[in-house]
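Chain residues, written in single-letter form:
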Amino acid sequence: MQDIFEKIFRNFKEFFNGLDATKKMGFIIVACLIAAAMTGIVVWASKTRYDVLYTDLNKEDARKIAIILEEKKIPYQTSNEGKTLSIPEDLVGVWRLEIAKLGTSFSGTVGYEVFDKQSFGTTSFVQKVNKQRALEGELVKSIMYIQGVKRARVHITIPESSPFVSEKKAPTASVVLELNNGVSLTPGEIKGVASLVSSSVEEMRAENVVILDDRGKKLSENIGDPMTATTANRMALEGQINQKYERQIEEILGKVVGDGKVVAKVTVDLDFTESVSTATSYDNENAAVLSEVKNSQNLNGSRPSPQGMVGARANMPGEEPQPGVAETKNNVTKELTTRNFNVPTTVTQSKKPSANVKAISAAVMIDGKRVAVLDENGAPQLDKAGNPIMKYEKWAQADLDNFQQIVASTLGTSEKRGDKLVIKNMEFAREDMTVADALLKEQANRELIRNIVKYLAVGLTISLFFFMVVRPFIQWITDNTIETVEDFLPRTLEELEKVQANQRLPGLEDALPQIEEKLNPEKIEGNMLREKIIALVENNPSKAAQIIHEMIHSSESDKQIA
């Protein structure tokens, strides 16, 4: 391994020493640029990468976290006007957990932690204020769990208690929500927030909670009138039933006429009248005697018949009846029986539902069919693009009657109730998408051409840089006066003698002619020797190439002519 490095160093030294001053300077400059680029890449690769720890912080929260990181000697960076804190990416997960363990509360939210540090002798007013602060802070923490809520503020107003019932007021609350970008709360979620706040405060009603967004838009309805709230709920119920019937009609007819070719509108009139009825029935056949009272009375009496002079004197008591006059007798027998029966009785109380269907009105519009236009031979006619030519055709009356029966069965309509059902066959307007398709296609082609031009420009720039800068520089650095074998071989006898003396052409001892001292060099023409050497090289080019390679990369002290 050491010999290899020594050989590489030796070859590089010979190559560098063979350059002139200008080429040496250029080589040094390029080497420095390459070294700087490699150093920059290494520094960039080994540079500490930061990742976001928290974002969208206010100044108070950012200052709290910065103090904690400085105490623990953790490097951090701030961005986005101090709202974003970043630390080394391998510490993000660890320090999020550590900050959570420290119990740091963001956005100034303080819950029941306000009671952790209480000084001696705290007044009742301070205790009351702290209790309200704690309750507001806990509500903020709970609201922050809702998906899409970035920040929240809660303000609660609890009136002073009064011994008079007429002067007692219910507590109220206001909530400000800051939502994430592109997020909007549904009516159900808004009602849930109102219910959450109202359920957390004693005697607070949901209609007393006002909810706003960060732009001041009121989100809650806060319907205080019970009758108005009931009306709104009833209208919402009717709307839900209408949509349900419309979906059913479009779904069942869409299987026949096709999707998007049916439009249904249903209006259901509901009767919200509540009625309660009570019915009592008696079972006479299974009656039983519960009690019986019987009373009997016999009266016997007699009196003389009227006699004597007419008048009151003859009828006065104490008058002796005349002998021989018959008496009037009156005997009475009375019998009274009272009998009480236990009769089975059934009492039924029934309450009718408060949302009976009073009437249903439905309107259904159906698009017609599109069939191919046939020629005389019964084959479909084609347009210029090769597509079949289509024409509009209405549905037959029998089909419309079938559709009406299907819809009537789906809705459960009744003629006695006065329901109305209308089904019409009409041609739907078709949007001309040709222009839009042409614009989209043109835009796609323009984008494709732009990308092709961009990548061709990049490729052409790289190619020009290589052929016009890199390649000429390499050729300029490695430029040698010896370009061919003829230029490399000795041309005169003096050069040949120098080559043999220095032994710079190993392997050609036998091929080159030996020059005797008595030989007069002036009498030998250099052209003849050069032609002979060229002939020898042409006969054995591989060996000549090996010799040239060894001559360039070998050292005079390490190699000997074999």
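Quantities reported herein were computed from a predicted structural model and do not represent experimental measurements. (Residues numbered from 1 in each chain as written. Predicted model: local features only at pLDDT ≥ 70, side-chain atom pairs only at ≥ 80, totals over all residues. Heavy atoms only, no water.)

Enquirer: What should I look at first to understand the overall build of the chain in this one?
Expert: Tallying secondary structure elements over the chain gives 13 helices and 15 strands in all. Burial statistics for the chain: of 562 residues in total, 19% are counted as buried. Across the chain, contacts joining residues at least 24 apart in sequence account for 66% of those joining residues at least 6 apart. Per element, the accessible surface of the chain, about 41,800 Å² overall, is 54% carbon and sulfur. (Helix = DSSP H or I, 4+ residues; strand = E, 2+ residues; numbered from the N terminus. Buried < 20%, exposed > 50% of the residue type's maximum accessible area, 1.4 Å probe, protein only. Contact = heavy atoms within 4.5 Å. Areas by Shrake-Rupley, 256 points an atom, 1.4 Å probe, with all protein chains shown as cover.)

Enquirer: Help me understand the pattern of salt bridges, please; the structure alone is not making it clear to me.
Expert: One side chain can pair with another of opposite charge once the charged atoms of both are near each other. What the rule picks out here adds up to 11 salt bridges. Put simply, Glu442 and Arg446 hold a salt bridge, and the shortest N to O gap is 3.1 Å. With Glu442 and Arg446 both in helix 9 (residues 434–477) and 4 residues apart, the pair spans about one turn of that helix. Under the relative-accessibility criterion, Glu442 is labelled partly exposed at 43%. Owing to a relative accessible area of 39%, Arg446 belongs among the partly exposed residues under this scheme. One continuous salt-bridge network, built from bridges that share partners, spans Asp367, Arg370 and Glu427. (Salt bridge = Lys/Arg side-chain N within 4 Å of Asp/Glu carboxyl O.)

Enquirer: Help me understand helix 5 (residues 124–143), please; the structure alone is not making it clear to me.
Expert: Note that an α-helix has 3.6 residues per turn; residues three or four places apart therefore point the same way. Along its 20 residues, helix 5 runs 29 Å from first to last C-alpha, staying within 8% of the 28 Å computed at 1.5 Å per residue. Residues of helix 5 that are buried: Asn130, Ala134, Leu135, Glu136, Gly137, Leu139, Val140 and Ile143. Looking at the buried side of helix 5, the elements it contacts are strand 4 (149–157), strand 5 (172–179) and helix 6 (187–200). (Expected span 1.5 Å × (residues − 1).)

Enquirer: How do you make sense of the sheet that holds strand 6 (residues 209–213) when you look at a structure like this?
Expert: Strand-to-strand pairing in sheets goes through backbone hydrogen bonds, with the strands running parallel or antiparallel. In space, the 3 strands of this open sheet follow the order 4-5-6, with mixed pairing throughout. With one partner strand each, in any of the chains shown, strand 4 and strand 6 form the two edges of the open sheet. When the angles between neighbouring strand axes are averaged without regard to direction, this sheet yields 15°. Where strand 4 lies against strand 5, 8 bridges are found, and the strand directions are antiparallel. Each bridged residue has a counterpart across the sheet, and for His155 the counterpart in strand 5 is Ser174. Sitting on the sheet, helix 5 is in contact with strand 4 and strand 5, with an inclination near 150° to strand 4. (Pairing = 2+ DSSP bridges. Axes fitted to C-alpha atoms, helices over the stretch in contact; angles between N-to-C directions.)

Enquirer: Please explain the environment of Ser350 as it appears in this structure.
Expert: Note on placement: Ser350 falls in strand 11 (residues 345–351). Taking the relative accessible area as the measure of exposure, Ser350 reaches 33% and is therefore partly exposed. Each C-alpha atom of the pair Ser350 and Ser277 lies 5.3 Å from the other, and the pair is 73 residues apart in sequence. In contact with Ser350, other than residues within four places in its own chain, are Ser275, Val276 and Ser277.

Enquirer: Where do I start with the environment of Ile406 in this structure?
Expert: Residue position: Ile406 is located in helix 8 (residues 397–411). Residue classification places Ile406 among the partly exposed residues on the basis of a relative accessible area of 33%.

Enquirer: Is there a simple way to think about the sheet that holds strand 15 (residues 420–425) in this case?
Expert: Pairing in this open sheet of 3 strands is mixed, and the strands run 7-12-15 from one edge to the other. With partners counted over all chains shown, the strands left at the sheet margins are strand 7 (262–271) and strand 15, one partner each. Neighbour to neighbour, the strand axes of the sheet diverge by 10° on average, direction disregarded. Strand direction decides the pairing type here: strand 7 and strand 12 (residues 356–366), joined by 10 bridges, are antiparallel. Within the sheet, the bridge partner assigned to Val262 lies in strand 12 and is Ile366. Here helix 8 sits on the sheet in contact with strand 12 and strand 15, set at roughly 145° to strand 15.

Enquirer: Would you mind showing me how to read unusual backbone geometry here?
Expert: Most peptide bonds take the trans configuration, and most residues that are not glycine carry a negative phi. If you check the backbone angles, Lys73 has positive phi at about 60° while not being a glycine. Mapping Lys73 onto the fold places it in the loop between helix 3 (59–71) and strand 2 (77–79). Positive phi outside glycine occurs at Glu203, with the angle close to 65°.

Enquirer: Any chance you could explain the side chain of Asp213 here in plain terms?
Expert: Secondary-structure assignment places Asp213 in strand 6. Buried and unpaired, Asp213 has Lys217 as its nearest opposite-charge partner, separated by 5.9 Å. Apart from residues lying up to four places away in sequence, Asp213 is in contact with Val176, Leu177 and Leu219. (Lys, Arg positive; Asp, Glu negative; His and termini not counted.)

Enquirer: Teacher, can you tell me more about the packing of aromatic side chains here?
Expert: Counting across every chain of the model gives 1 aromatic pair. Arranged with centres 5.5 Å apart and planes meeting at 75°, the rings of Trp395 and Phe403 form a pair that is edge-to-face. Across this residue pair, the class does not change: Trp395 and Phe403 are buried. (Phe/Tyr/Trp six-rings, centres within 6.5 Å; stacked < 30°, edge-to-face > 60°.)

Enquirer: Explain the packing of helix 5 against helix 6 here, please?
Expert: A pair of packed helices is captured by two measures, namely the crossing angle of their axes and the spacing between those axes. In contact at an axis separation of 11 Å, helix 5 and helix 6 are set at 150° when each is read in the N-to-C sense. It follows that helix 5 is roughly antiparallel to helix 6 by the angle criterion. Like other packed secondary-structure pairs, helix 5 and helix 6 cross with a definite hand, here right-handed. Each of Leu135, Leu139, Ser142 and Ile143 in helix 5 lies in contact with helix 6, whose residues at this interface are Val193, Leu196, Val197 and Ser200. (Parallel < 35°, antiparallel > 145°, perpendicular 65-115°, else oblique. Left-handed = near helix turned anticlockwise from the far one by under 90°.)

Enquirer: Where do I start with helix 3 in this structure?
Expert: Compared with the 18 Å implied by 1.5 Å per residue over 13 residues, the 18 Å span of helix 3 between its first and last C-alpha is a close match. Listed in full, the buried residues belonging to helix 3 are Asp61, Ala62, Ile65, Ala66, Ile68 and Leu69. Projected onto a plane normal to the axis of helix 3, the buried residues spread over an arc of 160° and lie on a single side. Projecting away from the buried face of helix 3 at angles above 90 degrees are the exposed residues Lys59, Arg63 and Glu71. Two residues or fewer after helix 3 comes Lys73, characterised by a positive phi angle close to 60°. (Arc of directions from axis to C-beta.)

Bear in mind that shape data such as this cannot, by itself, settle questions of function.
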